[in-house]
Amino acid sequence: MSFTSDGNESIPTDFDDVVQQVSTGTLAHQRIDELLLEAHERYADVDEGLLAHYIPILGQVEPDTFAISMSHVGGTVHGAGDCHHQFSIQSISKMFVYALVLQEHGHEAVHEKIGVNNTGMPFNSVMAVELNNGHPMNPMVNAGAIATTEMIAGKSAAKKWENVREGLSAFAGRPLTLDDEVYESESEANERNKALGRLLKSYGRLDGDPNNAVDTYTKQCSLNVTAHDLAVMGATLADGGINPVTGQQVVSADVCRDTLAAVATNGLYERSGDWLFEIGIPAKSGVSGGIVAVAPGKGAIGAFSPRLDMAGNSVRGQLAIGHLSRALGLNLFASAPDSGR
Ligand code: DON
């Protein structure tokens, strides 16, 4: 028997007839304002990390901007710092596009085509694709995200882009707009993503034109958001797919569950295991410095600070979210002995 895997295999499942129950617990929302300020003050002076110079315009941003925002599922959004500062969403877009594609195509088809297992390699790895027979492996690395974007509904590239923009805007609860400068800067510097698109195509893993898929992916990464938007977008996934501010059902509760599982295993790339071990909630980062972390049934935190660690994750953002996860009891794996015993 061979134990090699090409990313297409699943674990055995035989529980479709068992009713899905949800995790419980309440959020101490009366403490959010105080804790956001505390975390902001505590980490505002951390200056470790580097800007994302490989996208030229991201290498020129003000490095000290720092924002933390939190939305709970009841719909109130709290913030500390520059919560309305706009930045490009970058890789954080991957989780929301993945949710839209799950909504369109369903759990099985997307699982088979994109996969959910961690590559253990950097987000833009070509080797990960080669080692897995062209399988993109998961939707959070660039190869998987390009393949996911290609699955968005729409016959033309223009229609797909419209659906991406409208879908992400529904998560944010306001119309998101393209940052033209970021889009142009990244378009001029994304030979590697174009190579990933062609590589996927050569393995028969993309149906359409790889350049169109990469272009739509580059546009989705160039949508402007704020930390406040990230909190609302994340809280929509924490709230069974209902945007807590607008009340719109954006995706189904099953899609939220599947999306957050993929985010938990891959959201911080090769650091995802360390992140779950230390912080314990699904989170997704982007190279402009944003991070969103989602506590199912409770709410979400959006953070922004542009200096990144070596895996491309905001240094201050990780610290601030770690602080809040601990102080608000968001870690999914933390429990205390039953007091009724
Ligand atoms: O494709 C890229 O390289 C960027 N548009 C997005 C990468 C990214 O955000 C990785 N995140 N930490």
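Everything below is about the structure printed above this text.
Residues numbered from 1 in each chain as written. Predicted model: local features only at pLDDT ≥ 70, side-chain atom pairs only at ≥ 80, totals over all residues. Heavy atoms only, no water.

Draft legend 1. How the structure looks around helix α9 (residues 210–221). Taking 1.5 Å as the rise per residue, α9 with 12 residues should run 16 Å; its terminal C-alpha atoms sit 16 Å apart, in good agreement. With nine of 12 residues buried, α9 is to be regarded as a mostly interior element. Of all the residues in α9, the buried ones are Pro210, Ala213, Val214, Thr216, Tyr217, Thr218, Lys219, Gln220 and Cys221. Lining the buried residues of α9 we find β3 (87–88), α2 (92–105), α5 (142–150), α6 (157–172), α7 (180–188) and α8 (191–202). At the N-terminal end of α9, a side-chain oxygen is found 2.7 Å from the backbone nitrogen of Asn211, two or three residues along, and the residue is Asp209. (Helix = DSSP H or I, 4+ residues; strand = E, 2+ residues; numbered from the N terminus. Expected span 1.5 Å × (residues − 1). Buried < 20%, exposed > 50% of the residue type's maximum accessible area, 1.4 Å probe, protein only. Contact = heavy atoms within 4.5 Å. Polar contact = N/O pair within 3.5 Å; in protein donor to acceptor, adjacent residues only side chain to side chain.)

Draft legend 2. Layout of the packing of aromatic side chains. One pass over the structure, following the stated rule, counts four aromatic pairs. Seen from their ring centres, Phe87 and Phe304 are 4.0 Å apart, and the 15° between their planes marks the pair as stacked. Note that Phe87 is positioned in strand β3 and Phe304 in strand β7 (residues 299–304), a separation of 217 residues in sequence. A ring pair is formed by Phe123 and Tyr269, whose centres lie 5.2 Å apart and whose planes are at 45°; its orientation type is tilted. Of this pair, Phe123 sits in the loop between α3 (107–114) and α4 (127–131) while Tyr269 is found in the loop between α11 (253–266) and α12 (272–278), placing the two residues 146 residues apart along the sequence. As far as burial versus exposure is concerned, Phe123 and Tyr269 are alike and both buried. Among the aromatic residues, those joined into a cluster by ring pairs are Tyr54, Phe123 and Tyr269. We note Arg316 situated over the ring of Phe66; from NZ or CZ to the ring centre the distance is 5.2 Å. (Phe/Tyr/Trp six-rings, centres within 6.5 Å; stacked < 30°, edge-to-face > 60°. Lys NZ or Arg CZ within 6 Å of the ring centre and 35° of its normal.)

Draft legend 3. Main features of the nonpolar core. Of all hydrophobic cores here, the largest spans 57 residues; its most connected members are Met95, Leu168, Phe171, Met233, Leu237 and Val251. For this core, the leading source of residues is α2, giving nine residues. If we skip the residues at most four places from it in the chain, Leu237 touches Met95, Phe96, Ala99, Phe171, Val251, Cys256, Thr259, Leu260 and Val294. In terms of nonpolar packing, the next biggest core, distinct from the first, is built from 27 residues, Ala39, Ile291, Ile301 and Val315 among them. (Core = buried A, V, L, I, M, F, W, Y, C linked by side-chain atoms within 4.5 Å.)

Draft legend 4. Fine view of the site of the ligand. In the neighbourhood of the ligand, 14 residues make up the surrounding shell, with Tyr54, Gln90, Ser91, Glu186 and Tyr217 lying closest. Between Tyr217 and the ligand, the recorded distance is 2.6 Å, taken from a side-chain N or O atom to an oxygen atom. Ser285 places a polar side-chain atom, nitrogen or oxygen, 3.5 Å from a nitrogen atom of the ligand. For the ligand, whose accessible area on its own is 340 Å², the fraction buried by protein is 99%. Residues that form the shell around the ligand fall into these classes: six nonpolar, seven polar and one charged. (Near = heavy atom within 4 Å. Areas by Shrake-Rupley, 256 points an atom, 1.4 Å probe, with all protein chains shown as cover. Nonpolar A, V, L, I, M, F, W, Y, C, P; charged D, E, K, R; others polar.)

Draft legend 5. Looking closely at the environment of Glu104. Turning to its location among the elements, Glu104 is positioned in helix α2. What makes Glu104 partly exposed here is its relative accessible area of 49%. For the pair Glu104 and Ala28, spaced 76 residues apart in sequence, the C-alpha separation works out to 35 Å.

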